Structure formats: C-alpha cells, structure tokens
Amino acid sequence: MIAPETHIRRALAADEEALGELDRATWSPLHAVQPAPEPPYAPFFDERHRPEDYLVAEVGEAVVGYLRLVTPTPLACNAHVRQIQGLAVAESARGRGVARALLRAAMAETRRQGGNRITLRVLGHNKPARALYESEGFVVEGVLPGEFFLGGTYVDDILMGRPIPS
C-alpha cells in the first residue's frame, strides 16, 4: 500500500544536501558495493549523477526517498531501456509504500520518455528488495555468480527487468 501523503517529483539542484544526507543514512552492506561514506563527502550531484536523473519521494516537506533512473548505455540501439541505478528510502519511511511509489513513478517516467523496458541490478542477498521488485513485475533475467566480494563473502549480482506496456 502506498501512503497517500507520499509525493513523487523530479529532483532539483536544491535537493543536493537532503539527498546526500539520505544516501549516507541509508548506506548498508545489504545493497552497497562501495565502502561506507566518510567525510569529506563527495557531492551528491556530479556530471554523471544529475538532478534530472532522480525522482524524489517526499512526505510533507521531508525528502524520504530517491530513485535514479537513467539510460544504461549511450547507444541509440539501447535508448528504449531505462535502468534503475539506485533507490533509497529513509528508515522512518520504510514499510509505508515509498519504494513502491518510486518504482511505479520510474515505470511511468520510462513510458513518458518513450521507453518500453526497465532494468535494475540487485545484490543476491538483498531479499527484501528482490521481493519488492518481483511484486512489481520484475523478473530475474541474469545472474553473475560471486560478482562481488563483500564482507568476506562472494555475493551474486542479479539483473532484473520488465517490459513497460504502452
């Protein structure tokens, strides 16, 4: 169920501080392949991570989640695909449908941009995320066994995707 007070919008440059704080607060070995962030923190937005690539979830005035949606490659033959390359929800907003609202907004944005397919990658041990994605119609399309060595353990990288009907 999606909480009615959740509002999804495009990110603005002014969201940088809030999104950076959210990104750091939600870091977890369950989904991260990079070490935990430490000061001095890099900017949240840069040449590869632009505000227009992000959808932001708000409850009231508070930023409680984000999703990064981009084309997976610069190739024209791949322009019909969008890829989710990051999704975070504040601990205080979990279980309220924020991630689901972001996923649905990403699918609608993919359709709006003329795309007809959406993909993502998720770590094999991230069972809560995988269950959410499956409940929204994503299926496993590939597995890279032991792709990452995290915390002393080899972890699979799972590719999931789904069509976006027009």
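Heads up: the structure comes first, above all this text.
First, a word on scope: everything that follows refers to the structure included in this document.

## Some remarks on the pattern of salt bridges
Where side chains of opposite charge bring their charged atoms close, a pairing between them can arise. Applying the stated criterion across every chain, the model contains twelve salt bridges. One salt bridge in this structure joins Arg9 and Asp15, with 2.8 Å as the shortest N-O distance. The partner of Arg9 in a salt bridge is Glu58, and the shortest N-O contact between them spans 3.1 Å. Taken together, the residues span a long stretch of sequence, with Arg9 in strand β1 (residues 6-10) and Glu58 in strand β2 (residues 54-59) at a distance of 49 residues. Taken as a pair, Arg9 and Glu58 share a single burial class, namely buried. When salt bridges that share partners are traced, they join Arg9, Asp15 and Glu58 into one network.

## Structural notes on the environment of Phe45
Mapped onto the secondary structure, Phe45 falls in the loop between α1 (16-25) and β2. Since its relative accessible area comes to 10%, Phe45 is described here as buried. Placed 31 residues apart in sequence, Phe45 and Ala76 show a C-alpha to C-alpha distance of 25 Å. Dropping the residues within four chain positions of it, Phe45 is found in contact with Ala11, Leu12, Ala13, Asp15, Glu16, Leu19, Arg50, Pro51 and Tyr54.

## A short note on the sheet that holds β2
An order of β1-β2-β3-β4-β5-β7-β6 is seen for the seven strands of this open sheet, with the pairing classed as mixed. Two strands bound the open sheet, and with one partner strand each, they are β1 and β6 (139-150). When strand polarity is set aside, the average angle formed by the axes of neighbouring strands in this sheet is 25°. Pairing between β6 and strand β7 (residues 153-163): eight bridges, direction antiparallel. When the bridges of β7 are listed, Phe149 appears paired with Tyr154. Against the sheet, α1 contacts β2, β3 (62-70) and β4 (81-89), and its axis sits at roughly 85° relative to β3. With respect to the sheet, helix α3 (residues 127-135) is in contact with β4, β5 (117-123), β6 and β7, its orientation differing from that of β5 by roughly 160°.

## Notes on α3
When α3 is considered as a whole, its buried residues turn out to be Ala129, Leu132 and Tyr133. The buried residues of α3 occupy one face: seen down the axis, they fall within an arc of 95°. On the buried face of α3, the contacting elements are β4, α2 (98-112), β5 and β7. Where α3 begins, the side chain of Asn126 points an oxygen toward the backbone nitrogen of Ala129, at a separation of 3.2 Å. Taken from the residues just after α3, Gly137 is the one with a positive phi, measuring 95°.

## Some points on unusual backbone geometry
In this structure, Pro40 follows Pro39 across a cis peptide bond, with omega equal to -5°. Here Pro40 is to be found in the loop between α1 and β2.

## Some words on the pairing of β5
Within β5, five of the seven residues are buried, which leaves the element mostly enclosed by the surrounding structure. Taking the sense of rotation as the criterion, the β-α-β connection linking β4, α2 and β5 turns out right-handed. Pairing between β5 and β7: seven bridges, direction antiparallel. Across the sheet, the residue bridging to Leu123 is Asp157, located in β7.

Conventions we followed
- Residues numbered from 1 in each chain as written.
- Predicted model: local features only at pLDDT ≥ 70, side-chain atom pairs only at ≥ 80, totals over all residues.
- Heavy atoms only, no water.
- Salt bridge = Lys/Arg side-chain N within 4 Å of Asp/Glu carboxyl O.
- Helix = DSSP H or I, 4+ residues; strand = E, 2+ residues; numbered from the N terminus.
- Buried < 20%, exposed > 50% of the residue type's maximum accessible area, 1.4 Å probe, protein only.
- Contact = heavy atoms within 4.5 Å.
- Pairing = 2+ DSSP bridges.
- Axes fitted to C-alpha atoms, helices over the stretch in contact; angles between N-to-C directions.
- Arc of directions from axis to C-beta.
- Polar contact = N/O pair within 3.5 Å; in protein donor to acceptor, adjacent residues only side chain to side chain.
- Right-handed = clockwise from strand over helix to strand, strands pointing away.

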